[in-house]
Amino acid sequence: MGIDRRTFIQLVTGGVVGSLFTPVIWKSLDDAAIWSQNWSWIPRLKYGAITEQASVAKFGAAPCAEIVKSVGGSPYLTRGNAENEMSKGGVDPVSASGPQLMYSPSRVNGPMKKTAEGKYESISWEDAEKLLSEKLAAVKGQKGKLAVVSGDSTGTATEVLSGFAAGMGAECYLMPSDEQGAAAALASMGGKGQIGYDLENSDFVLFVGADAMDSWGPVVRNQCVYSASRPTGEEIKTTYVYAGPFLNCTAAAADKWVPVAPGTGAIFCLGLAYHMLKAGASASASDFADFKTLVMSRFSPDKVEKATGVAGAEMAAIAKRIMKSSAPVVVAGSEFAQGAGAADVIAAAAVNMLLGRVNKDGGMKILPELPKAVDAAEGHSELVAKDFVGYLAGIAAGKVAAPEVMMAYEANPVYALPQNTALAQAVEKSGFLVSFSTFMDETASKADLIMPNPTCYERFEDAQTPYGVGAAMLAASAPVAEPLYNSKPTVDVVLGVASGLGIDLGYESADAVYQAKAEKAGADWDSLVEGAAYVSDSTESGSIKFAASVLSKAVAMPKGGEIALAPYSKLIFGTPTVAIPPMNVVVISKYELLGKDLMVQVNSKTAKKLGVSEGSKVKLAGAGGECAVRIHINEGVMNDVIAAPLGFGHTAWDAYSSGKGENISKLLTVGTESGTGLSVWTSSFVSIA
Amino acid sequence: MQQMEFDTKWTMVVDVDKCTGCGACMVSCQAENNIAPMEEGSNKLKTLTWMLVYELNNGKEFPNREVAYLPRPCMQCGHPACVPVCPVVATTKDEEGGIVSQIYPRCIGCRYCMAACPYHARYFGWLDPVWPGGMDKALSPSTSTRPRGVVEKCNFCHTRLMDARARARSEGLDPNKLPDGWYQPACLEACPTGAISFGDVKNPEHKVHELVKNPNAFRILESIGMDPQVYYISRRDWVREQSDNHVAEDKH
């Protein structure tokens, strides 16, 4: 019997069908599955009691009150603390990876000093404090020899640093933020305290520049308030309008986006004021007449349209809509939460004053400062108003002598300042740079001495009245976990060193300082560490004026005809203090970072004008430096504007953030605001090649 | 195709108009489900993001451009395309409130399910997961770690359902009739704008029971009949139109 084709097929088919009835195939598949999943190292999950503890996270741009979940004492997850008024629930995307950041490869494991060869060697805390004390003793009482900069404007830790600087006869600064312009604005208007906005009781919120849903003010709180005003499936209670050059997260969430050219927020507000004054709006401020004259003569619809790009009819419609609302509020700030100066806030305050919305529910509030815990410290508003960028610009220009010692607390000035190339060099000119950083950031990488601060989960922490909230408040937290590394709270270091130098700040430990702060504010410490926030319902009495004379100098019409830079900031990319967290890398859009190339965004009309297309590699040049970037076409950008993300181009940190993209801060041009003398950098122009 | 119906149907409703695209849900999902960090995030074909926030736009030129953000977990379809194509039955739709499960040790990495899923909600682990610098000490005890070579996906943080049921049993309640809010996925818990609602759509006491009936509620690619358990709500016509692969020139 021969094997013909039919017999062959029958045999093969019979074999295949038959094999399905044996366990061999299935066992092999099962084994293949197991073999394919053999990996060299299998991480073991940690089991144990799951606990929850309230904490105040300071990873994000603003303090975030959250509940930290731990297993066997190790934090692994966070969620918002809805019971805490400071952030009202929810977490920001940096704080969401807070427990993982505790284990970041960028953590500094212990105190280190730089050797003569430029490398770092570990030293004991005793030696580190001795070295610091020696350096400080040499400059004590000598003006200009010591500078202190803090990246945390809400913590009492900064108050300790301020008191210490005062005892040393030195200056203490804060890293630049929108709060600086607001403090200068309030001072110009004759007010004292801190500007805040009662968004939850407003029925019409106009954000001018301020990217409230991603970088401006208490972001998580803003988002929660926004959410509460529009319950899912129900009617909208509050209308949100965003005015700015880029369709950012706030503009996307708002009911309307009004494209406004970068750096012209004050002109936009005064353009609104023009229509309101024309409709008969007035206020009882002493310089109302001057203000009216200024607005009617210099901010007519045609001039405003030329500067901002907003047509007169649209401006009139917005003004009408605001005036029709029963509880409107206007909030001004920079699109990237820094560098706007005072004019924008004064102009927005002017609109609020014309609306009669100052110190009213749902309006602009002037909040009292909480009592100081450290008597020698400067008042919060005085501290905030100091111009660190101006100080460094003076050093860079050779007009001011570089300090012999500079102390940077939770601040990364080598990376995060505008006109970065020049100002980072000014920081490095310090004779002895000390970094109190948790992470090996750019400033720590240049420091002569690194004294690592534990993360906010490993130390006592507090937060008072973050800029932008509508009421004075205080929150605090106790450590959630044991310190992982050989770190020491900076407050304890400073108190110890101060004592050795004969400076009595009144306390012996960090937790004693925080408890005293709570006590002086009238808050219950135990409630605070359990997760509640102390909230004061008082506001500053007394009237404010329009600061017309300041406005007339500070607001200048742009020349036009140039390509403007519109930087934007997203918490996914980290903050000025924390680089891109490892968990956030995959969240970044491929239209913002492609491989190692930074993407900047222009609309198709601008792209055509510039002769670029999607993916084109170009070089942006500003007054402070150059950046090589790629182009992404996005119709959510104004004509003649390049939107560029901040937060990239790190040179230190770890593989998750280092060497990715470019630091757009290099392109930001620092100027001086007439009338206030503040350093400003929201109006930067670039050339493209 | 016959649809399996269960007494409980866990359903997510996302208010697209409230999502600001902040990304907190994506980060929180990674932390809860032990998704290892990746150094290279641009290669979206190889990254793992069980929850993914898409950016939508209305297609118009400046100044008429509008943007919306659409968070996309696994849709836990009523007629899941991924289940019948799995040769080793590593994925099933079962009685856990209609959640489509994924059994990692059984998966042979053939990726048929990924090819079948119209929502691109399934992810293949191309790379060995690495938790650097002791970051493995911050692993969640809820979710097993997975090696490379298997397909993984969102499971509505299923272990939280187990925890909620255990709590109900300990408090003398019916574990199959959980009160609203007792079972919340990590993405919902993190979301600052409250864009995500979650619950049993068959339980009239749960908020989602009414939300899915909202005139602005819709499901993605509804016309292909997957019957997803994730609903979206938007007041904007263009957002709803894009949900079903709407092409402007098409007549509907």
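The following paragraphs examine the structure supplied in this document. Computed from a predicted model, the values in this text were never measured in an experiment. (Residues numbered from 1 in each chain as written. Chains lettered and ligands numbered in written order. Predicted model: local features only at pLDDT ≥ 70, side-chain atom pairs only at ≥ 80, totals over all residues. Heavy atoms only, no water.)

**Considering the interface of chain B and chain A**
Listed as interface residues are 72 residues of chain B and, on the opposing side, 76 residues of chain A. When the two sides are added together, the surface that chain B and chain A hide from each other amounts to roughly 5800 Å², 62% of it contributed by carbon and sulfur. Connecting chain B to chain A are one salt bridge. Of the charged contacts in the structure, one is a salt bridge between R79 of chain A and E189 of chain B, with a shortest N-O distance of 3.8 Å. One can count 18 residue pairs in polar contact (both at pLDDT 80 or more) joining chain B with chain A. Only α1 (24–32), β3 (67–72) and α4 (186–190) of chain B provide two or more residues apiece to the side of chain B that touches chain A. In terms of residues, the side of chain B that touches chain A owes the most to one element, α1 of chain B, which gives seven residues. (Contact = heavy atoms within 4.5 Å. Buried area = accessible area lost by both parts, 1.4 Å probe. Salt bridge = Lys/Arg side-chain N within 4 Å of Asp/Glu carboxyl O. Polar contact = N/O pair within 3.5 Å; in protein donor to acceptor, adjacent residues only side chain to side chain. Helix = DSSP H or I, 4+ residues; strand = E, 2+ residues; numbered from the N terminus.)

**Observations concerning helix α15 (residues 388–396) of chain A**
Three or four residues apart is the spacing at which side chains of an α-helix point the same way, because the helix has 3.6 residues per turn. Residues and elements named next belong to chain A. The complete set of buried residues in α15 reads F388, V389, Y391, L392, G394 and I395. By the N-cap criterion, in which a side-chain oxygen at the helix start approaches the backbone nitrogen of a residue two or three places on, α15 is capped by D387, the distance to V389 being 3.4 Å. Positive backbone phi, at 80°, marks G398, one or two positions downstream of α15. (Buried < 20%, exposed > 50% of the residue type's maximum accessible area, 1.4 Å probe, protein only.)

**A look at the sheet that holds strand β9 (residues 217–218) of chain B**
Residue and element names in this part refer to chain B. Strand order in the open sheet formed by four strands is β8-β1-β10-β9, and the pairing between neighbours is mixed. Lying at the two open borders of the sheet, with one neighbouring strand each, are β8 (196–200) and β9. Examined bridge by bridge, strand β1 (residues 10–15) and strand β10 (residues 230–233) share four bridges and lie parallel to one another. Opposite M12, over in β10, you have V230 as the bridge partner. (Pairing = 2+ DSSP bridges.)

**Concerning the pairing of strand β18 (residues 472–477) of chain A**
Residues and elements named next belong to chain A. For β18, the tally of buried residues reaches six of six residues, placing the bulk of the element in the interior. Side chains of β18 alternate between two faces, with A472, L474 and A476 and M473, A475 and S477 buried alike. Bridge analysis of strand β17 (residues 461–464) against β18 gives four bridges, and the strand direction is antiparallel. Bridge pairing in β18 links A463 to A475. Inspection of the sheet shows β18 paired to strand β19 (residues 534–536) by three bridges, in the antiparallel sense. Opposite M473, over in β19, you have V535 as the bridge partner.

**Focus: the nonpolar core**
Ranked by size, the top nonpolar core spans 249 residues in total, and within it Y197, L206, F268, F291 and L392 of chain A carry the most contacts. The residues contacting L392 of chain A, other than those within four sequence positions of it, are M406, L417, L423, A426 and V427 of chain A. (Core = buried A, V, L, I, M, F, W, Y, C linked by side-chain atoms within 4.5 Å.)

**Quick notes on the packing of helix α9 (residues 265–278) of chain A against helix α11 (residues 301–308) of chain A**
Residues and elements named next belong to chain A. For the pair α9 and α11, interaxial distance at closest approach is 10 Å and the crossing angle is 160°. The orientation of α9 with respect to α11, classified from their angle, is roughly antiparallel. Where α9 crosses over α11, the two elements pack in a sense that is left-handed. Contacts from I267, F268, G271, Y274 and H275 of α9 reach α11 at P301, V304, A307 and T308. Of the residues assigned to the contact of α9 with α11, the class counts are six nonpolar, three polar and no charged. (Axes fitted to C-alpha atoms, helices over the stretch in contact; angles between N-to-C directions. Parallel < 35°, antiparallel > 145°, perpendicular 65-115°, else oblique. Left-handed = near helix turned anticlockwise from the far one by under 90°. Nonpolar A, V, L, I, M, F, W, Y, C, P; charged D, E, K, R; others polar.)

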